[in-house]
Amino acid sequence: MKILPISLLSLLLAATALVSLSLGKYPLAPGEVAGFLGHRIFGWGTFDAERLQLLENLVMEIRLPRIMAAALIGSALAVSGAAYQALFVNPLVSPGILGVLAGASLGAALGLVFLKTWYGVQAATFLGGFAAVGLAIGIARLCRVNGTVMLVLGGIISGAFFSALVAIVKYVSDPYNQLPAIVYWLMGNMSMADRGMTFKAGIPILVGIACLMLMARHLNVLSMGDEEARALGVNVEAVRLTVIVCATLISTLTVVLAGIIGWVGLIIPHITRMITGPDNETLLPATALAGASYLLLVDDISRLAFTFEIPIGIVTALIGIPFFVLVLKNARKGWL
Amino acid sequence: MALLRLERLSFAYHRRQVLADVDLSMEQGEVLALLGPNGSGKTTLLKLILGLLKPSRGSVLLHGRDIRTIPRRELARMVAYVPQVHKESFAYRVCDVVLMGRLPHSAFFARYSEKDRLIADEALEKLGIGHLAERPYTEVSGGERQLALIARAMAQGAGTFIMDEPTNGLDYGNQLRLLERLKSLARTGYTVIFSTHHPDHAMAVADRVVMMGQGRIIRDGAACETVTPASLRELYNVDVRLYSVAEGVRVCVPAVRLGNDSREHEGYGHHVGSR
């Protein structure tokens, strides 16, 4: 693991978080926020009681949960993207490749129409993501070709299938209440994430990210091809399944928290790989930090660029797509 | 006890018999070249020895143990695979690729230790590519990549190397340099099995040549006795001549342009008559 890029990206994340905590309808000075956090955590300095109450409300109650959620979602999407990319030896795949996001959105849509409770929607989203992966792996197995290409194709088929099902649910849903809710969800929206949810989804997200980081060496070896990995003593099927389960778990949980936020899982691992190189022992922690910083910045834009909030999924797509075209144009070497 | 023994080893794929009743026994330190046309079962044989394919009948015994009973990680510490040079890969540094060889030596969730890094560096130095350690694997030449894969096999700590056409895709100079490396590996006691399309490469490096055709072993013996115009004709259905150019050094020359009159070549070496 290279220490330098990790420490620089940690600093970047800390700075971005501080700026994001300061920005809002009621702007604060980043210095004051830093002072407040120092006071709140370590008991440093003194604050006027009234001001303290205001900061407590603004920073701790309103802004922090959302910022935690954005950072977690950014990390989860970036790490799962990097893991899928190593697994499929293809720098152009993303969490969507196994149909995870499509499956999760079907779950969300069904949950919004039939279950209507918050927990019901969460559970359905989660199950939908796993069902989509299951279908993708099932299709690959059915074709009896034990290779990554078939798995990718299975994912594409699975994604198309679940997208079609989402369209059916949209079509039959109540156009006055349910349809807007589904559409809103599918666009990706940070304003849904509250403190309780962030906490409940945050712990499994962190565990999933940690598991993937611990398997970084195996991901490196797997990206050299199945046969080489086997010859190096890796139980390829078991490791691949564990990686898929972890990466799917964390990317599905982001859908639970904030709907579909595309492109982060594709472009952030790409950019990070340009800085750190492809070694997953460095890449995974680096991309987690970069993804968190990126989503914080994008969330700031979606909150503050206009008088109304734009769904974050739209912003990540609008920034991500042209950026990705630029990356592709510069990536003459082919394999980053 | 033989280091490696194949007993009635057979493999069928979609009901097509790829390998039929192969018996082979190898001692420690032997260098064996597999010759045979495409589709003769060379690669299948190598993959069976590595445990990458399951035999449909027969078995592969390593130190007398059926490799199916040897845990994968333990097998990886005994037999290393040197694949053909990759066309596509992420741009790992050469030292990261070599470090992968240390994977079967550590616990699942562990990190590479200082010792692992030292062993990887040592392997790079031994193969004379220490200066490439920090370079991206995808940007060094094909020959250097092949050397990096050999360094990885050394870092793996295995005594037996299985190499699938190690000179394939290399330019002429790199082919010769690689053969030299193979020869010096053999001198340091490694057991090597490699497949090749060049009888010259087999004769240059191997003590023993096994010729395969249609999934069977056709000939098996000392390199100098096995590679003959007659056996090559049988194997590839082509006419070649063998010339002895120096003490113990023999080369194959295609008969295509020689015609029947070989007098004009007298100055180059001694013609070994077809047997």
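Peer 1: Any chance you could break down helix H13 (residues 280–304) of chain A for me, citing the residues and the numbers?
Peer 2: With 25 residues, H13 of chain A should reach 36 Å at 1.5 Å per residue; the first-to-last C-alpha distance of 35 Å fits that figure. With 22 of its 25 residues buried, H13 of chain A lies for the most part within the structure.

Peer 1: So, the interface of chain B and chain A: which residues are in play, and what are the values?
Peer 2: Chain B puts 34 residues into the contact, and the matching count from chain A is 33 residues. Between chain B and chain A lies a buried interface of about 3000 Å² when both sides are counted; carbon and sulfur atoms form 62% of it. Inspection of the region where chain B meets chain A yields 3 salt bridges. Among the salt bridges present, the one from Glu227 of chain A reaches Lys47 of chain B, with a minimum N-O distance of 3.1 Å.

Peer 1: Talk me through the sheet that holds strand S10 (residues 216–222) of chain B; I want residue IDs and the actual numbers.
Peer 2: The strands making up a sheet associate through backbone hydrogen bonding, with each pair oriented either parallel or antiparallel. Residues and elements named next belong to chain B. Strand order in the open sheet formed by 6 strands is S6-S7-S8-S3-S9-S10, and the pairing between neighbours is mixed. The open sheet has two free edges, formed respectively by strand S6 (79–82) and S10, since each of these has just one partner strand. If you compare each strand with its neighbour and ignore which way they point, the axes differ by 20° on average. Helix H5 (residues 142–155) contacts S6 and strand S7 (160–163) of the sheet and is inclined by roughly 170° relative to S6.

Peer 1: How would you explain the sheet that holds strand S5 (residues 65–66) of chain B if you had to name every residue and give the values?
Peer 2: All names here are of chain B. Taken in spatial order, the 4 strands make up an open sheet running S2-S1-S4-S5, and their pairing is antiparallel. In this open sheet, the two edge strands, each paired with only one partner strand, are strand S2 (16–26) and S5. Where strand S1 (residues 4–13) and S2 come together, 7 bridges link them in antiparallel fashion. Looking at S2, one finds that Leu6 is bridged to Leu24. Where helix H1 (residues 42–49) meets the sheet, it contacts S1, S2 and strand S4 (57–62), and its direction lies at approximately 120° from that of S1.

Peer 1: How would you explain unusual backbone geometry if you had to name every residue and give the values?
Peer 2: Residue and element names in this part refer to chain B. Notably, Gln214 is not glycine yet its phi reads approximately 50°, a positive angle. The class of Gln214 is exposed, set by a relative accessible area of 74%. The phi torsion at Asn237 lies on the positive side, around 60°, for a residue other than glycine. If you trace the backbone, Asn237 turns up in the loop between helix H9 (229–236) and strand S11 (240–246). With a relative accessible area of 60%, Asn237 lands in the exposed category.

Peer 1: Which residues make up the domain arrangement of chain B, and what are the values?
Peer 2: Residue and element names in this part refer to chain B. Domain boundaries in chain B define domain 1 (4–228) and domain 2 (229–275). Distance from the C-alpha centre of domain 1 to the C-alpha centre of domain 2: 29 Å. Considering only the side of domain 1, the residues that lose the most area to domain 2 are Asp200, Met203 and Thr228, jointly responsible for 42% of the buried surface there. In this assembly, domain 1 and domain 2 are joined by 1 salt bridge. For Arg219, the salt bridge identified is with Glu234, shortest N-O distance 3.0 Å. The interface formed by domain 1 and domain 2 holds 9 residue pairs in polar contact (both at pLDDT 80 or more) in total. Among the elements of the structure, helix H7 (199–205), strand S9 (208–213), S10 and helix H8 (223–226) are those that each provide at least two residues to the side of domain 1 that touches domain 2. At 3 residues, H7 tops the list of elements feeding residues into the side of domain 1 that touches domain 2. Residues belonging to the side of domain 1 that touches domain 2 are distributed by class as follows: 9 nonpolar, 5 polar and 2 charged.

Peer 1: So what's going on with the nonpolar core? Which residues, and what values?
Peer 2: Grouped together as the largest cluster of nonpolar side chains are 145 residues, with contacts concentrated most on Phe88, Leu98, Leu212 and Ile261 of chain A together with Ile150 and Phe161 of chain B. The element best represented in this core is helix H3 (residues 49–87) of chain A, accounting for 20 residues. For this core, the two domains that each supply at least three residues are domain 1 (4–228) and domain 2 (229–275) of chain B. Leu4, Leu9, Leu50 and Tyr81 of chain B belong to the second-largest nonpolar core, a separate cluster that totals 29 residues.

Peer 1: Hey, could you go over the pattern of salt bridges for me, with residue numbers and the actual values?
Peer 2: Tallied over the entire structure, the rule returns 24 salt bridges over all chains. For Arg152 of chain B, the salt bridge identified is with Glu228 of chain A, shortest N-O distance 2.6 Å. Taken together, the residues Arg152 of chain B in helix H5 and Glu228 of chain A in helix H10 (residues 226–231) connect one chain to another. Like Arg152 of chain B, the residue Glu228 of chain A is buried in the burial classification. Residue Asp300 of chain A pairs with Arg303 of chain A through a salt bridge whose shortest N-O separation is 2.7 Å. Within this pair, Asp300 of chain A and its partner Arg303 of chain A are both found in helix H13, separated by 3 residues, close to a single helical turn. Judged by relative accessible area, Asp300 of chain A falls into the buried class, the value being 7%. Residue classification places Arg303 of chain A among the buried positions, given a relative accessible area of 13%. Within the structure, one salt-bridge network assembled from shared partners comprises Arg66, Asp299, Asp300, Arg303 and Glu309 of chain A.

Procedures and definitions
- Residues numbered from 1 in each chain as written.
- Chains lettered and ligands numbered in written order.
- Predicted model: local features only at pLDDT ≥ 70, side-chain atom pairs only at ≥ 80, totals over all residues.
- Heavy atoms only, no water.
- Helix = DSSP H or I, 4+ residues; strand = E, 2+ residues; numbered from the N terminus.
- Expected span 1.5 Å × (residues − 1).
- Buried < 20%, exposed > 50% of the residue type's maximum accessible area, 1.4 Å probe, protein only.
- Contact = heavy atoms within 4.5 Å.
- Buried area = accessible area lost by both parts, 1.4 Å probe.
- Salt bridge = Lys/Arg side-chain N within 4 Å of Asp/Glu carboxyl O.
- Pairing = 2+ DSSP bridges.
- Axes fitted to C-alpha atoms, helices over the stretch in contact; angles between N-to-C directions.
- Domains from an automatic or database assignment.
- Polar contact = N/O pair within 3.5 Å; in protein donor to acceptor, adjacent residues only side chain to side chain.
- Nonpolar A, V, L, I, M, F, W, Y, C, P; charged D, E, K, R; others polar.
- Core = buried A, V, L, I, M, F, W, Y, C linked by side-chain atoms within 4.5 Å.

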